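Spelled out from the first residue to the last, the chains are:
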Amino acid sequence: MTWRDLMCGEARPEHVGQRLTLAGWADSRRDHGGLVFVDLRDRTGICQLVLNPERAPEAAKTGHAIRNEFVLRAEGEVVRRAPEAVNPNVPTGEVELQVDTLEIVSTSTALPFQLDEENVDETLRLRHRWLDLRRPKMQRNIGLRSTMVSAIRRTMESGGFLEIETPILFKPTPEGARDFIVPSRLQPGRFFALPQSPQILKQLLVIGGFDRYFQIARCFRDEDLRADRVQEITQLDVEMAFPDQEFLFALMEQMIQTAWRDCLGVELEAPFPRLTWAEADARFGSDKPDLRFGLELEDATEITRDSQFGIFGGAPCVRFIRVPQAFSRAELERLEEVAKEWGAKGLAYLVWDEEGEVRSPIAKFLSEEELAHFRCDPGYSVLFAADEPAMVSRVLGALRLHLGRELGLIDEEAWNWVWVTDFPMFEWSEEDDRWAAVHHPFTRPTPGCEETFDTDPANALAHAYDLVGNGQELGGGSFRIHEADIQARVFSLLKLSPEEQRTKFGFLLDALAMGAPPHGGIAFGIDRMMMVLAREPNLRDVIAFPKNQAGVDPMSGAPSEVEEEQLRELGIQLRPGVGQESGPTGR
């Protein structure tokens, strides 16, 4: 190459004596009066340039004008550093480039922040994302993402899966979040939707004879954002005809193993353990349990059924956790506030002090049998929740995670995986006064529920599964309904009239009636996987060009105004009071 012979981070002792050209960004400059030292950086690392006025006076003169983030091209000889100048902290620390010619290819204006500056405001970083991407952490994360996606593709291809693209412009379908809609100029008054997932399309692909499909798919969900949620996501989408759950689980475990090996050099043990949804809920109060620490939930519903403590005696469900710390009154008050944030009315407790004596306002209401059941070693606390089962799980599951973090119980170096299976098929929506699908309406009931799911929806189980890593749901899928009559029964239970079924899903029902094979699959959130793999708390730090928490791109100002003429072409008129200038720009 004319621009460079080697990447900056590749210079090694074996290159000593060679004349090489390097190109990259000035990471730092140190002017020692005579000698000038420049750390030249690219995505592979840095190499130290030495500008010696006795060796190359013109290059040294140019070196005095260099500022951070100037783009440079340097030609010279690779030499060993003096023993006392070796830098063991960088791979190129044994060598340096004695520069003979130096070119400033591009200059830089004053920087809004330095690349090594800590705690830079996120909006400022996103506004200058091109600069933020040069930071070592972002270079690492985006590089790891590329390596991970490559590992995913190799694994899927080794399993006989074909990569097939599906449309970005498609039909609005109920997937559990709001659709982004796109107006059609050629069909005034009609709209496409950006896909929340290729769910129906991948089913149609296997019905169409492509029995093993995968795709690194872009998906769009118009939902409120959090640190671990964005509106544009990338997912691994997988579907297979004649599905075999053991084959699918083993292939996904192989994919995770390969990605972690290629990206981190970590060897993971497989097969991963499995829990049913009911077991995960009972033991951890969560359908995505973090198994890197204990604090498992225990049930006390039966033993407190006739308790003199009325809150326990009258509750549909009573559960508790044993915590290896004797909390003070102030600490218990703070924990009660955490519990109330998750819906608890209060927080009952028993504290066993260092002498083994119980300290609690509820102890006098508990029988000897009850106290014996809750007895712990000295220095322990027992925390209770009593309410409807779902609320108890919600409160104690949240408390468990809070205490795991606060008490340092989580092994931050561990990688822990678990499959969660046999989810409830439906949940009751008080707001809509009807049953709703827990996963999506195309999920198959388990074999024992195929005949009764619509007459006893509260107890129907879905042939659905999630893969959880370190307490994060990374992948989820199910076996699908391939019989048109069962699919119609599900739609009817969800209160979709026959007319609505035809309007929204007529093409799918027609396909299911024309020789649809049994099929099923799974989808993994690439962004969420990367967040876990890179141990990043913020999803936006593993995506090259994310939106902020308001769904705005501070760099470009999108979403932006549209010319009135373009709106007219689309047949769109803004309602009075909805001014385009009122939208947030983030700038």
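Cut-off values and rules
- Residues numbered from 1 in each chain as written.
- Predicted model: local features only at pLDDT ≥ 70, side-chain atom pairs only at ≥ 80, totals over all residues.
- Heavy atoms only, no water.
- Helix = DSSP H or I, 4+ residues; strand = E, 2+ residues; numbered from the N terminus.
- Buried < 20%, exposed > 50% of the residue type's maximum accessible area, 1.4 Å probe, protein only.
- Contact = heavy atoms within 4.5 Å.
- Areas by Shrake-Rupley, 256 points an atom, 1.4 Å probe, with all protein chains shown as cover.
- Lys, Arg positive; Asp, Glu negative; His and termini not counted.
- Charge placed at Lys NZ, Arg CZ, Asp CG, Glu CD.
- Expected span 1.5 Å × (residues − 1).
- Bend = angle between axes of the 7 residues up to and from the residue.
- Polar contact = N/O pair within 3.5 Å; in protein donor to acceptor, adjacent residues only side chain to side chain.
- 1 Å grid on protein atoms, 1.4 Å probe; cavity = no way out; pocket = protein on both sides within 12 Å on 5 of 7 lines; lining within 4 Å.
- Points joined across faces, edges and corners; volume = space filled by probe spheres on them.
- Nonpolar A, V, L, I, M, F, W, Y, C, P; charged D, E, K, R; others polar.
- Phe/Tyr/Trp six-rings, centres within 6.5 Å; stacked < 30°, edge-to-face > 60°.
- Lys NZ or Arg CZ within 6 Å of the ring centre and 35° of its normal.
- Patch = residues over 30% accessible without salt bridge, like charges linked within 9 Å, V, L, I, M, F, W, Y side chains within 5 Å.
- Salt bridge = Lys/Arg side-chain N within 4 Å of Asp/Glu carboxyl O.
- Pairing = 2+ DSSP bridges.
- Axes fitted to C-alpha atoms, helices over the stretch in contact; angles between N-to-C directions.
- Disulfide = S-S within 2.5 Å.
- Core = buried A, V, L, I, M, F, W, Y, C linked by side-chain atoms within 4.5 Å.
- Parallel < 35°, antiparallel > 145°, perpendicular 65-115°, else oblique.
- Left-handed = near helix turned anticlockwise from the far one by under 90°.

## Thoughts on the overall build of the chain
Right, so step 1: Each helix and strand in the chain was counted, giving 15 helices and 22 strands.
Right, so step 2: Once the C-alpha set of the chain is aligned to its principal axes, its extents read approximately 95 × 75 × 55 Å.
Right, so step 3: Expressed as a percentage of its 587 residues, the buried residues of the chain come to 47%.
Right, so step 4: Contacts in the chain between residues far apart in sequence, at least 24 positions, make up 67% of those at least 6 positions apart.
Right, so step 5: Of the roughly 28,800 Å² of accessible surface on the chain, 50% is carried by carbon and sulfur atoms.
Right, so step 6: Distance between charge centroids for the chain: 4 Å, based on 65 positive and 97 negative side chains.

## Things to note about helix α13 (residues 498–512)
Spacing of three or four residues puts side chains on the same side of an α-helix, whose turn is 3.6 residues.
Right, so step 1: Compared with an ideal rise of 1.5 Å per residue, which puts 15 residues at 21 Å, α13 spans 16 Å between its outermost C-alpha atoms and falls more than 12% short.
Right, so step 2: Of all the bends found along α13, the most pronounced is centred on F505 and spans about 90 degrees.
Right, so step 3: Considered for burial, the residues of α13 that qualify are Q501, F505, G506, L508, L509, A511 and L512.

## Quick notes on the side chain of S307
Right, so step 1: Here S307 lies in the loop between β12 (298–299) and α8 (310–313).
Right, so step 2: Overall, S307 belongs to the buried group, its relative accessible area being 10%.
Right, so step 3: There is a polar contact of 3.0 Å between the side chain of S307 and the side chain of E370.
Right, so step 4: Beyond its immediate sequence surroundings of up to four residues, S307 is in contact with F312, G313, F365, L366 and E370.

## Observations regarding empty space enclosed by the protein
Right, so step 1: Scanning all chains against the criterion turns up three cavities of 30 Å³ or more.
Right, so step 2: Volume-wise, the second largest cavity comes out at about 40 Å³.
Right, so step 3: Among the elements that take part in the lining of the second largest cavity, helix α11 (residues 389–406) stands out by supplying three residues, more than any other.
Right, so step 4: Partitioning the lining of the second largest cavity into residue classes produces three nonpolar, three polar and three charged.

## Some remarks on unusual backbone geometry
Right, so step 1: A cis amide bond links A270 with the next residue in sequence, P271, at an omega value of 5 degrees.
Right, so step 2: In this structure, P271 sits in the loop between α6 (245–264) and β11 (274–276).
Right, so step 3: Omega for the bond connecting A558 with P559 falls within 30 degrees of zero, at 0 degrees, which places this linkage in the cis form.
Right, so step 4: Relative to the helices and strands, P559 resides in the loop between α14 (526–533) and α15 (564–570).

## Quick notes on the packing of aromatic side chains
Right, so step 1: One pass over the full model with this rule turns up 18 aromatic pairs.
Right, so step 2: For the pair F249 and Y465, a centre-to-centre distance of 5.2 Å together with 75 degrees between the ring planes defines the contact as edge-to-face. Taken as a pair, F249 in helix α6 and Y465 in strand β20 (residues 464–469) lie far apart in primary sequence, 216 residues in all.
Right, so step 3: Since its relative accessible area comes to 1%, F249 is described here as buried.
Right, so step 4: Ring-pair connections join several aromatic residues into one group, and the members of that group are F309, F312, F320, F365, F374 and F384.
Right, so step 5: It is R400 that lies over the ring of F293; its NZ or CZ is 4.0 Å from the centre.

## Looking at a nonpolar patch on the surface
Right, so step 1: Where nonpolar side chains cluster on the molecular surface, the patch consists of I168, L169 and F192 and spans about 240 Å² of accessible area.
Right, so step 2: Along the chain, the position of I168 falls in the loop between β6 (162–163) and β7 (181–183).

## Section: the pattern of salt bridges
Right, so step 1: If you walk through the whole model with that rule in mind, you get 38 salt bridges.
Right, so step 2: When the shortest N-O distance is used, the salt bridge between E536 and K137 registers 3.4 Å. Residue E536 is found in the loop between α14 and α15, and its partner K137 is found in helix α4 (residues 136–158); the two are separated by 399 residues along the sequence.
Right, so step 3: Its relative accessible area of 30% is what places K137 among the partly exposed residues.
Right, so step 4: Where E296 meets R283, a salt bridge forms, and the shortest distance between an N and an O atom there is 2.9 Å. Here the residue E296 occupies a position in the loop between α7 (277–284) and β12, and R283 occupies one in helix α7, the gap between them amounting to 13 residues.

## Points about the sheet that holds strand β15 (residues 358–359)
Strands pair in a sheet through their backbones, by hydrogen bonds, and they do so in one of two ways: parallel or antiparallel.
Right, so step 1: Spatially, the five strands line up as an open sheet ordered β12-β13-β16-β14-β15, and their pairing is antiparallel. Edge strands, defined here as strands with exactly one partner in the open sheet, are β12 and β15.
Right, so step 2: Of the strand pairs in this sheet, strand β13 (residues 317–323) and strand β16 (residues 380–387) are connected by seven bridges, and their pairing is antiparallel. Counted as the bridge partner of R319 is A385 from β16.
Right, so step 3: Of the strands in this sheet, β14 (348–352), β15 and β16 are in contact with helix α9 (residues 329–341), which crosses β14 at around 150 degrees.

## Re the environment of P273
Right, so step 1: Considering the arrangement of structural elements, one finds P273 in the loop between α6 and β11.
Right, so step 2: When the C-alpha positions of P273 and V418 are compared, they lie 5.0 Å apart, and in sequence the two are 145 residues distant.
Right, so step 3: Ignoring anything within four residues of it in the chain, the contact list for P273 reads W417, V418 and W419.

## Here we look at the state of the cysteines
Right, so step 1: The tally for this structure, following the rule as stated, stands at zero disulfides.
Right, so step 2: Summary of cysteine pairing: C376 is not part of a disulfide, and the nearest cysteine sulfur, belonging to C317, is at 18 Å.
Right, so step 3: What makes C376 buried here is its relative accessible area of 13%.

## Considerations on the nonpolar core
Soluble globular proteins tend to bury their nonpolar side chains together.
Right, so step 1: Counting residues in each nonpolar core, the largest one holds 46 residues, and the members touching the most others are L236, I256, W260 and F524.
Right, so step 2: In terms of residues, this core owes the most to one element, α6, which gives nine residues.
Right, so step 3: Dropping the residues within four chain positions of it, L236 is found in contact with I152, M156, F214, Q215, I216, M255, I522, A523, F524 and I526.
Right, so step 4: Listed in part, the 24 residues of the second largest apolar core include L20, A26, A59 and I66.

## Concerning the packing of helix α5 (residues 199–207) against α13
Right, so step 1: At a minimum axis distance of 11 Å, the contact between α5 and α13 shows a crossing angle of 25 degrees. Taken as axis vectors, α5 and α13 run roughly parallel relative to one another. Crossing of α5 against α13: the hand is left-handed. In this structure, α5 uses I200, L204 and I207 to contact α13, whose residues at the interface are F505, F507, L508, A511 and L512.
Right, so step 2: Classifying every residue of the contact of α5 with α13 by side-chain character gives eight nonpolar, no polar and no charged.

By themselves these figures say nothing about function.
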